[in-house]
Amino acid sequence: MYIPKTPDRTTVVFDSAKLSRRTVTRFALLGLVGLALPGTLASSSALAAPAKQEILLVSYAVTKAAYDEIIPKFIADWKKKTGQTVVVKTSYGGSGSQARAVIDGLEADVVGLALEGDVIKLEEAGFIKSGWQNKLPNKSIITNSVVVFFVRPGNPKKINNWNDLNNNNVDVVTANPKTSGGARWNFLGIWGSVAENGGSDKQAESFIATVYKNVDILPKDAREATDIFVQKGQGDVLLNYENEAILAKQTGDWKVPFKVPSPNILIEGPVAVIDKNVDKRGTRKVAKAFTEYLFTPLAQKIFASKGFRPVTTAVKATTKGKFPAVKTFTVADFGGWKTVNKKFFGSGGLWDQIFSKTR
């Protein structure tokens, strides 16, 4: 895991009034110091931006393919606009684990996590200022997706919708909600499949507990879950992001049609600048520009090409028909992420209760 270091800088201050103009010029030519000559506008507070700047993007595992294409485009665009060279370092992993890493000292300038709930943890820990959702378009949500089922060739277990997971002969693969944002979306999808059809909380809890009894292993993130199902051949059904299924088909790693259960949870992936770190590192301008770039038509088209549902009206229009139509519900239907974090995924919450009973 990469932790960038800010180079130490030594500032040398001279009193230009006591130096000859020739001496000052000599120092400037040697690159030792930027000085304010009498009658000029130069000052130590108005020095040009550094010729090269580095930022760290911390994101969740399945976004890597998209960022591998977006980042070089942003770097070229920024160089053209400002003349400044930018290096964008990256760190990928489970969304929950990534949020914890930032809190524990990973000096991210930007986070692109799997769910708003993980960004809220950073806000509560003092790394992000409140109101971050309103600093970017679309409430800072850069991608959408839904939960899909990977099934085995011929779908021998006849798994098509949520109710089909309620079968002790079905081996379910899904990541761990404690470390993976995708796993939390899966959890909410399972719960909502009952609630959206008129079921009570008690019925939803009973159903989801039964499903997790059919889960033998809990990978740390969505990408590892895909590898276990696709590469290692474990399990009868994999619950994962739609974009993972689309990408697996594009790469040829998986050729079996995936199932899109309905109703489904609308997965919303946010982005945010880490205020505490960018102010310390002097990287706010570049970090902010990078987050804004993610809403451009080019960046949104790249996200869409990697299986994410775009969020801007213009790019949605160009991808019409690419993604299956499905009835969705949102995390707002659960009371929002603060409620969800406490009720389902907080210490002693429903997931902890289910885990203790099924493991």
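Predicted, not measured: the structure shown is a model, and the values here were computed from it.

Parameters and conventions
Residues numbered from 1 in each chain as written. Predicted model: local features only at pLDDT ≥ 70, side-chain atom pairs only at ≥ 80, totals over all residues. Heavy atoms only, no water. Pairing = 2+ DSSP bridges. Helix = DSSP H or I, 4+ residues; strand = E, 2+ residues; numbered from the N terminus. Contact = heavy atoms within 4.5 Å. Axes fitted to C-alpha atoms, helices over the stretch in contact; angles between N-to-C directions. Core = buried A, V, L, I, M, F, W, Y, C linked by side-chain atoms within 4.5 Å. Buried < 20%, exposed > 50% of the residue type's maximum accessible area, 1.4 Å probe, protein only. Parallel < 35°, antiparallel > 145°, perpendicular 65-115°, else oblique. Left-handed = near helix turned anticlockwise from the far one by under 90°. Polar contact = N/O pair within 3.5 Å; in protein donor to acceptor, adjacent residues only side chain to side chain. pLDDT = per-residue confidence, 0-100. Nonpolar A, V, L, I, M, F, W, Y, C, P; charged D, E, K, R; others polar. Phe/Tyr/Trp six-rings, centres within 6.5 Å; stacked < 30°, edge-to-face > 60°. Lys NZ or Arg CZ within 6 Å of the ring centre and 35° of its normal.

**So, the sheet that holds strand β5 (residues 147–151)**
Stage number 1. Strand order across the open sheet formed by 3 strands is β5-β7-β6, with mixed pairing between neighbours. A single partner strand is all that each edge strand has here, and the edge strands are β5 and β6 (172–173).
Stage number 2. Pairing geometry for β6 and strand β7 (residues 237–241), over 2 bridges, is parallel. Paired with Val172 across the two strands is Val237, which belongs to β7.
Stage number 3. Each of β5 and β7 is contacted by helix α5 (residues 181–195), which is oriented at about 110° to β7, the strand it contacts most.
Stage number 4. The strands touched by helix α8 (residues 242–251) are β5 and β7; relative to β7, the strand with the most contacts, the crossing angle is about 105°.

**With respect to the nonpolar core**
Stage number 1. If you look at the biggest cluster of nonpolar residues, it comprises 87 residues, and the most contacted ones within it are Phe187 and Leu188.
Stage number 2. No other element matches α5, which puts 7 residues into this core.
Stage number 3. Excluding residues that lie within four positions of it along the chain, Leu188 makes contacts with Ile265, Phe329, Val331, Phe334, Trp337, Val340 and Phe344.
Stage number 4. Counting 16 residues, the second largest nonpolar core, distinct from the first, contains Val102, Ala108, Val119 and Trp132.

**Quick word on the packing of helix α2 (residues 64–82) against helix α10 (residues 284–293)**
Stage number 1. Remark: α2 packs on α10, axes separated minimally by 11 Å, with the N-to-C direction vectors making an angle of 125°. Judged by the angle between their axes, α2 and α10 are oblique. Crossing of α2 over α10 shows right-handed handedness. In this structure, α2 uses Tyr67, Ile70, Ile71, Lys73, Phe74, Asp77 and Trp78 to contact α10, whose residues at the interface are Lys285, Val286, Ala289, Phe290 and Tyr293.

**Observations regarding the environment of Phe74**
Stage number 1. Tracing the backbone shows Phe74 in helix α2.
Stage number 2. C-alpha separation for the pair Phe74 and Leu298, spaced 224 residues apart in sequence, amounts to 9.8 Å.
Stage number 3. Apart from the residues within four sequence positions on either side, Phe74 is in contact with Val86, Val88, Val286, Ala289, Phe290 and Tyr293.

**Considerations on the sheet that holds strand β4 (residues 141–145)**
Strands in a sheet are paired, the pairing made by backbone hydrogen bonds, and the direction either parallel or antiparallel.
Stage number 1. Across the sheet, 5 strands lie side by side as β2-β1-β3-β9-β4; this open sheet has mixed pairing. Single-partner strands in this sheet number two, and they are β2 (85–93) and β4. Strand-to-strand twist in this sheet, taken as the mean axis angle between neighbours without regard to direction, amounts to 15°.
Stage number 2. Across 9 bridges, the pairing between strand β1 (residues 52–60) and β2 is parallel. What sits directly across from Leu57, in β2, is Thr90.

**Quick look at the side chain of Ser145**
Stage number 1. Relative to the assigned elements, Ser145 resides in strand β4.
Stage number 2. Judged by relative accessible area, which is 1%, Ser145 ranks as buried.
Stage number 3. Of the polar contacts made by the side chain of Ser145, one reaches the backbone nitrogen of Glu242; its length is 3.4 Å.
Stage number 4. In terms of polar contacts, Ser145 uses its side chain to reach the side chain of Asn243, at 3.0 Å.
Stage number 5. The residues contacting Ser145, other than those within four sequence positions of it, are Tyr241, Glu242, Asn243, Ile265, Leu266, Ile267 and Arg309.

**Some details on the confidence of the model for the protein chain**
Stage number 1. Confidence along the protein chain averages 88 in pLDDT terms, with 86% of residues attaining 70 or more.
Stage number 2. Confidence drops under a pLDDT of 50 for residues 1–47, and excluding neighbours within four residues, the segment shows 37 contacts in the predicted structure.

**Notes on the packing of helix α3 (residues 95–103) against helix α4 (residues 116–124)**
Stage number 1. The interhelical angle for the contact between α3 and α4, taken along N-to-C directions, is 15°, at an axis separation of 9 Å. Put simply, α3 runs roughly parallel to α4. Between α3 and α4 lies a crossing of right-handed hand. From α3, Ser95, Gly96, Ala99, Val102 and Ile103 reach across to α4, where they touch Asp118, Lys121 and Leu122.
Stage number 2. The class makeup of the residues in the contact of α3 with α4 is 4 nonpolar, 2 polar and 2 charged.

**Quick notes on the side chain of Asp221**
Stage number 1. With respect to the helices and strands, Asp221 occurs in the loop between α6 (201–213) and α7 (222–231).
Stage number 2. Here Arg223 takes part through its backbone nitrogen, which lies 3.1 Å from a polar atom of the side chain of Asp221.
Stage number 3. Beyond its immediate sequence surroundings of up to four residues, Asp221 is in contact with Ala61, Gly93, Gly94, Ala175 and Ser180.

**Side note on α3**
Stage number 1. Considered for burial, the residues of α3 that qualify are Ser95, Gly96, Gln98, Ala99, Ala101 and Val102.
Stage number 2. Packed against the buried residues of α3 are β1, β2, β3 (110–112), α4 and α5.
Stage number 3. The first or second residue beyond α3 is Gly105, which carries a positive phi of 130°.

**What to know about the packing of aromatic side chains**
Stage number 1. Across all of its chains, the model carries 22 aromatic pairs by this definition.
Stage number 2. Between Phe187 and Tyr212, the aromatic rings sit 6.0 Å apart at their centres with planes inclined by 35°, giving tilted as the arrangement. Of this pair, Phe187 sits in helix α5 while Tyr212 sits in helix α6, and the two are 25 residues apart along the sequence.
Stage number 3. The ring of Phe229 carries the charged tip of Arg152 above its face, separated from the ring centre by 3.7 Å.

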